[in-house]
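The residues making up each chain are set out below.
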Amino acid sequence: MALKVYHGDPKGNDSAAVKAYDAGVREGAFGLLLNSVVWPMSNFIVFACMAGTAIISLVSVNKYITEGIQHAIGENRAIKIASLITYSIPFSITADLTVDTGGGQGLAIGVLNLAIVIPQD
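Residues numbered from 1 in each chain as written. Predicted model: local features only at pLDDT ≥ 70, side-chain atom pairs only at ≥ 80, totals over all residues. Heavy atoms only, no water.

S.K.: Give a description of the overall build of the chain that names residues and reports values.
M.R.: When its secondary structure is counted, the chain shows three helices and zero strands. Shown N-terminal to C-terminal, the secondary structure of the chain runs as helices and strands in the order α-α-α. The buried share among the 121 residues of the chain stands at 11%. Partitioning the contacts of the chain with sequence separation of at least 6, the portion at a separation of at least 24 is 7%. Accessible area of the chain: about 9,900 Å², with a carbon and sulfur share of 68%. (Helix = DSSP H or I, 4+ residues; strand = E, 2+ residues; numbered from the N terminus. Buried < 20%, exposed > 50% of the residue type's maximum accessible area, 1.4 Å probe, protein only. Contact = heavy atoms within 4.5 Å. Areas by Shrake-Rupley, 256 points an atom, 1.4 Å probe, with all protein chains shown as cover.)

Pasting the structure below:
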(Lines give C-alpha, C1' and ligand atoms only; values in the text may rest on other atoms or scores of the structure.)
Protein backbone atom coordinates (compact mmCIF):
# COMPACT_ATOMS: atom_id res chain seq x y z
CA MET A 1 0.00 0.00 0.00
CA ALA A 2 2.75 2.41 0.94
CA LEU A 3 4.81 1.72 -2.16
CA LYS A 4 2.14 1.16 -4.81
CA VAL A 5 -0.73 3.42 -3.78
CA TYR A 6 1.02 6.24 -1.93
CA HIS A 7 4.23 6.03 -4.00
CA GLY A 8 6.33 6.31 -0.88
CA ASP A 9 9.91 5.27 -0.34
CA PRO A 10 11.09 4.07 3.09
CA LYS A 11 14.73 4.86 2.30
CA GLY A 12 14.05 8.02 0.38
CA ASN A 13 16.10 11.15 0.81
CA ASP A 14 13.00 13.24 0.24
CA SER A 15 10.93 13.78 3.38
CA ALA A 16 7.73 13.81 1.30
CA ALA A 17 8.45 10.26 0.04
CA VAL A 18 9.07 9.03 3.59
CA LYS A 19 5.87 10.72 4.82
CA ALA A 20 3.92 9.17 1.96
CA TYR A 21 5.35 5.78 2.87
CA ASP A 22 4.38 6.23 6.52
CA ALA A 23 0.86 7.31 5.54
CA GLY A 24 0.51 4.23 3.33
CA VAL A 25 1.69 1.92 6.11
CA ARG A 26 -0.81 3.51 8.51
CA GLU A 27 -3.68 3.18 6.03
CA GLY A 28 -2.76 -0.42 5.24
CA ALA A 29 -2.60 -1.32 8.92
CA PHE A 30 -5.98 0.31 9.50
CA GLY A 31 -7.43 -1.65 6.58
CA LEU A 32 -6.12 -4.90 8.06
CA LEU A 33 -7.62 -3.95 11.41
CA LEU A 34 -11.02 -3.34 9.83
CA ASN A 35 -10.73 -6.62 7.94
CA SER A 36 -9.99 -8.54 11.13
CA VAL A 37 -13.11 -7.04 12.76
CA VAL A 38 -15.54 -7.24 9.83
CA TRP A 39 -14.62 -10.73 8.59
CA PRO A 40 -15.60 -12.61 11.78
CA MET A 41 -18.82 -10.58 12.06
CA SER A 42 -19.78 -11.47 8.51
CA ASN A 43 -19.03 -15.14 9.22
CA PHE A 44 -21.38 -15.09 12.21
CA ILE A 45 -24.09 -13.39 10.14
CA VAL A 46 -23.75 -16.03 7.41
CA PHE A 47 -23.87 -18.75 10.08
CA ALA A 48 -27.07 -17.29 11.56
CA CYS A 49 -28.69 -17.03 8.11
CA MET A 50 -27.74 -20.59 7.18
CA ALA A 51 -29.00 -21.89 10.54
CA GLY A 52 -32.28 -20.04 9.97
CA THR A 53 -32.54 -21.54 6.50
CA ALA A 54 -31.93 -25.03 7.88
CA ILE A 55 -34.59 -24.55 10.56
CA ILE A 56 -37.14 -23.20 8.07
CA SER A 57 -36.39 -26.09 5.70
CA LEU A 58 -36.76 -28.64 8.49
CA VAL A 59 -40.11 -27.18 9.56
CA SER A 60 -41.28 -27.05 5.95
CA VAL A 61 -40.28 -30.63 5.23
CA ASN A 62 -41.93 -31.91 8.40
CA LYS A 63 -45.12 -29.89 7.94
CA TYR A 64 -45.86 -30.10 4.22
CA ILE A 65 -44.13 -33.20 2.94
CA THR A 66 -44.99 -36.33 4.83
CA GLU A 67 -43.01 -38.72 2.65
CA GLY A 68 -39.71 -36.81 2.92
CA ILE A 69 -37.75 -35.05 0.22
CA GLN A 70 -36.73 -38.13 -1.74
CA HIS A 71 -39.63 -37.68 -4.15
CA ALA A 72 -37.97 -34.53 -5.55
CA ILE A 73 -35.47 -36.57 -7.54
CA GLY A 74 -37.45 -39.78 -7.61
CA GLU A 75 -36.73 -43.38 -6.98
CA ASN A 76 -35.50 -44.02 -10.52
CA ARG A 77 -31.75 -44.71 -10.47
CA ALA A 78 -31.25 -43.47 -14.04
CA ILE A 79 -32.80 -40.10 -13.19
CA LYS A 80 -30.51 -39.76 -10.17
CA ILE A 81 -27.40 -40.47 -12.27
CA ALA A 82 -28.53 -38.12 -15.05
CA SER A 83 -29.25 -35.34 -12.58
CA LEU A 84 -25.84 -35.76 -10.95
CA ILE A 85 -24.17 -35.43 -14.34
CA THR A 86 -26.36 -32.50 -15.36
CA TYR A 87 -25.71 -30.63 -12.12
CA SER A 88 -21.96 -31.20 -11.84
CA ILE A 89 -20.43 -31.39 -15.32
CA PRO A 90 -20.98 -27.74 -16.40
CA PHE A 91 -19.41 -26.46 -13.20
CA SER A 92 -16.39 -28.77 -13.39
CA ILE A 93 -15.81 -27.89 -17.06
CA THR A 94 -16.05 -24.17 -16.24
CA ALA A 95 -13.58 -24.55 -13.38
CA ASP A 96 -11.19 -26.53 -15.57
CA LEU A 97 -11.32 -24.05 -18.46
CA THR A 98 -10.79 -20.96 -16.29
CA VAL A 99 -7.88 -22.22 -14.21
CA ASP A 100 -5.20 -20.35 -16.16
CA THR A 101 -7.15 -17.28 -17.30
CA GLY A 102 -6.41 -15.20 -14.22
CA GLY A 103 -10.03 -14.12 -13.84
CA GLY A 104 -10.74 -16.61 -11.10
CA GLN A 105 -12.76 -19.78 -11.03
CA GLY A 106 -15.26 -18.32 -8.58
CA LEU A 107 -16.17 -15.50 -10.92
CA ALA A 108 -16.68 -17.84 -13.89
CA ILE A 109 -18.77 -20.29 -11.87
CA GLY A 110 -20.82 -17.40 -10.45
CA VAL A 111 -21.55 -16.12 -13.95
CA LEU A 112 -22.52 -19.64 -15.04
CA ASN A 113 -24.81 -19.93 -12.03
CA LEU A 114 -26.47 -16.61 -12.90
CA ALA A 115 -26.87 -17.75 -16.49
CA ILE A 116 -28.75 -20.78 -15.19
CA VAL A 117 -30.84 -19.07 -12.51
CA ILE A 118 -31.93 -15.80 -14.20
CA PRO A 119 -33.83 -17.45 -17.09
CA GLN A 120 -35.81 -19.46 -14.55
CA ASP A 121 -37.51 -16.33 -13.16
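S.K.: Break down unusual backbone geometry for me, citing the residues and quoting the values.
M.R.: Phi at His7 is positive, roughly 55°, even though this residue is not glycine. Since its relative accessible area comes to 62%, His7 is described here as exposed.

S.K.: Outline a nonpolar patch on the surface, supporting the account with residue identities and numerical values.
M.R.: Together, Phe30, Leu33, Leu34, Val37, Val38 and Met41 give the surface a local cluster of nonpolar side chains, amounting to about 550 Å² of exposed area. Tracing the backbone shows Met41 in helix 1 (residues 15-64). (Patch = residues over 30% accessible without salt bridge, like charges linked within 9 Å, V, L, I, M, F, W, Y side chains within 5 Å. Salt bridge = Lys/Arg side-chain N within 4 Å of Asp/Glu carboxyl O.)

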